[in-house]
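Residue-level listing of the chains:
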Amino acid sequence: MDVNEVLLPGVGLRYEFINQDGERIGVVARRTGDFELVVYEGDNPDVARPLFRLTSEEADTLAEILGAPRIAERFADLTREVPGLSAGQVEVRHGSQFVGRPLGDTMARTRTGASIVAIVRGEKVIASPGPEAILRAEDVLVVIGTHDGIAGVEQLIRG
C-alpha cells in the first residue's frame, strides 16, 4: 500500500493512503506529539472530516494493538527481500543474567552483529526498544541479522 507523506509547516506531518473502499485516510502527526485521524472528502486534501484525536501515549497503545499480530509477518517479508538477512525470536528465560537489566547491558548488536528490533511481552509489543528497556523473564526478543548473529543473541541471552 502506498503511503504519501506531506510536510505541514508549523504543524507536523500528514500521512495519507487510500483504503480498499477508495476512501482517502489521513493521519496528522503533530509537532506536539498528538495525532489526528481524518477522512478526506473527495480528492481535495484541504477538506477533511476529523474522526478522532489521540495523545502520543494513546497512539502508541493503538499502534501496539494494531501492530502486534503483524510484526512477525512484516519482519518475515523483510528477510525475504534482503538476501542473508533473517528474523528470529529469542526467549528471555527465568534465570537469565539479563532478567531485570536494561537491554543495553546485553551489548547484543556489538557482540553479535544482530539487532533486537522488538520485545514481545505477553500481548504487548515494544517496537524499537531503546537500551534502557528492562528485560523480563518470558519476554520474547525479535532479532534481525544473519543466522549466526541470531544464534549469538540466543547464546548471549541464555548464558
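Values in this document were obtained by computation on a predicted structure and should not be read as measured data.

Can you walk me through the sheet that holds strand E5 (residues 48–54) in this structure?
Strand pairing within a sheet occurs via backbone hydrogen bonds; the two strands may be parallel or antiparallel. Read from one edge to the other, the open sheet built from five strands follows the order E1-E2-E3-E4-E5, with strand pairing classed as antiparallel. Each edge of the open sheet carries a strand with a single partner, namely strand E1 (4–8) and E5. This sheet shows a mean twist of 20 degrees between the axes of neighbouring strands, independent of strand direction. Where strand E4 (residues 35–40) and E5 come together, six bridges link them in antiparallel fashion. Its bridge partner lying in E5, Phe-35 is registered against Leu-54.

Where do I start with the sheet that holds strand E9 (residues 140–145) in this structure?
The four strands lie next to each other as E6-E9-E7-E8, forming an open sheet whose pairing is antiparallel. Two strands in the sheet have a free side with no partner beyond their single neighbour: strand E6 (86–91) and strand E8 (124–127). Looking at each pair of strands side by side, their axes are set apart by 25 degrees on average, direction ignored. In this structure, strand E7 (residues 115–121) lies alongside E9, joined through five bridges in antiparallel fashion. Opposite Val-120, over in E9, you have Val-140 as the bridge partner. Lying over the sheet, helix H4 (residues 147–158) contacts E6, E7 and E9, oriented at roughly 10 degrees with respect to E6.

Calculation criteria
Residues numbered from 1 in each chain as written. Predicted model: local features only at pLDDT ≥ 70, side-chain atom pairs only at ≥ 80, totals over all residues. Heavy atoms only, no water. Pairing = 2+ DSSP bridges. Helix = DSSP H or I, 4+ residues; strand = E, 2+ residues; numbered from the N terminus. Axes fitted to C-alpha atoms, helices over the stretch in contact; angles between N-to-C directions. Contact = heavy atoms within 4.5 Å.

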